[in-house]
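Structural overview
Next come the chains, spelled out residue by residue.
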Amino acid sequence: MRPLWLVVLASIWIATVCNVALWRELSRLPGLSGGQLAVISVALVLVITLATTALLSLMAWRWTLKPAITVFLLSAAFGAYFMMAYGVVIDKTMMVNTLQTDVRETRDLLNWRLMATVLVLAVLPLVLLWRQKVRRASAARQLLGNLGTLAGASVLLVLVVFLFFQSIASVMRNYTHVRYLINPLNSFYALGAIAAKPFQRDESVVLPLL
């Protein structure tokens, strides 16, 4: 199988099945009717699929493709469980709390529901992934393929956002917590924000002592 197809199939799986917490929350929002719910759901599926495809295309090399998809699937599976089981969103604060969890707290979180969720959402797809042989290509051809996938996904992503901008913007503006349910991009964004914090300029004003 070509790397492109593995990237696309993994992205679709993540955008649909692994975002069950997002779809549950959207169905509960009081301001969305049946038609509006369908439109925003389709729009977000496309956005998540294309954004994930663009990110994975950067790592669609022979030795990095399967490990990268593995990280995405495991992150999505664990994120989906905690958002569904505890009704939380994954933002910077939640990610900091997660990183500070000790061994005892981690052991208390382990249960059969967590294992079942990870098994269905990540382990089973990963078994199929690692059994699948990836078609080899020269470095130059693979680079062109990766860049082409990145460019195509980015262009389509911009187009989808443009076409559904009003629907997406309305939901994100009125229900700001929804953006933190976009799995696993919410986790990666939170980790990136935490990692970048030491390099951010301190804009606070130093007051003189009287």
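To keep things clear, this report deals only with the structure shown in the data block.

Conventions we followed
Residues numbered from 1 in each chain as written. Predicted model: local features only at pLDDT ≥ 70, side-chain atom pairs only at ≥ 80, totals over all residues. Heavy atoms only, no water. 1 Å grid on protein atoms, 1.4 Å probe; cavity = no way out; pocket = protein on both sides within 12 Å on 5 of 7 lines; lining within 4 Å. Points joined across faces, edges and corners; volume = space filled by probe spheres on them. Nonpolar A, V, L, I, M, F, W, Y, C, P; charged D, E, K, R; others polar. Helix = DSSP H or I, 4+ residues; strand = E, 2+ residues; numbered from the N terminus. Axes fitted to C-alpha atoms, helices over the stretch in contact; angles between N-to-C directions. Left-handed = near helix turned anticlockwise from the far one by under 90°. Contact = heavy atoms within 4.5 Å. Phe/Tyr/Trp six-rings, centres within 6.5 Å; stacked < 30°, edge-to-face > 60°. Buried < 20%, exposed > 50% of the residue type's maximum accessible area, 1.4 Å probe, protein only. Parallel < 35°, antiparallel > 145°, perpendicular 65-115°, else oblique.

This part is about the layout of surface pockets. Here the largest pocket is characterised by a volume of approximately 600 Å³. The residue inventory of the lining of the largest pocket, partitioned by class, reads 13 nonpolar, 7 polar and 1 charged. In this structure, the second largest pocket encloses a volume near 350 Å³. If you trace the second largest pocket, you find 18 residues lining it, with Trp61, Arg62, Trp63, Val134 and Arg136 closest to the centre. At the level of elements, helix H4 (65-86) and helix H8 (139-163) are the ones that each hand at least two residues to the lining of the second largest pocket. Its residues assigned to classes, the lining of the second largest pocket shows 10 nonpolar, 3 polar and 5 charged.

Their axes nearest at 10 Å, the elements helix H3 (residues 34-57) and H4 cross at an angle of 145°. Judged by the sense of rotation from one axis to the other, the crossing of H3 with H4 is right-handed. Each of Thr52, Leu55 and Leu56 in H3 lies in contact with H4, whose residues at this interface are Ala68, Ile69 and Phe72. Considered class by class, the residues forming the contact of H3 with H4 number 5 nonpolar, 1 polar and no charged.

With that out of the way, let us pick up the packing of aromatic side chains. Throughout the structure, instances matching the rule amount to 4 aromatic pairs. Measuring from ring centre to ring centre gives 5.9 Å for phenylalanine 82 and tyrosine 86, while their planes differ by 20°; the resulting arrangement is stacked. A residue pair is termed a helical-turn pair when its members lie 3 or 4 positions apart in one helix, as phenylalanine 82 and tyrosine 86 do in helix H4 at 4 residues. Residue phenylalanine 82 is classed as partly exposed on the basis of its relative accessible area of 22%. A residue is classified by how much of its surface remains accessible, and tyrosine 86, at 42% relative accessible area, is partly exposed. Of the aromatic side chains, those joined through ring pairs into one cluster are Tyr81, Phe82 and Tyr86.

Right, let's talk about unusual backbone geometry for a bit. Omega for the peptide link from asparagine 183 to proline 184 comes to 0°, which places this bond in the cis form. For proline 184, the location among the structural elements is in the loop between helix H9 (165-174) and helix H10 (185-196).

Time to look at the packing of helix H5 (residues 92-99) against H10. Helix packing for two helices is described by the angle between their axes and how far apart those axes are. As a packed pair, H5 and H10 sit with axes 9 Å apart at the nearest point and diverge in direction by 80°. With respect to H10, the axis of H5 lies roughly perpendicular. Seen from H5, the contacting residues are Lys92, Met95, Val96 and Leu99; seen from H10, they are Ser187, Ala190, Leu191, Ala193 and Ile194. Of the residues assigned to the contact of H5 with H10, the class counts are 7 nonpolar, 1 polar and 1 charged.

Worth remembering: the numbers are spatial, not functional.
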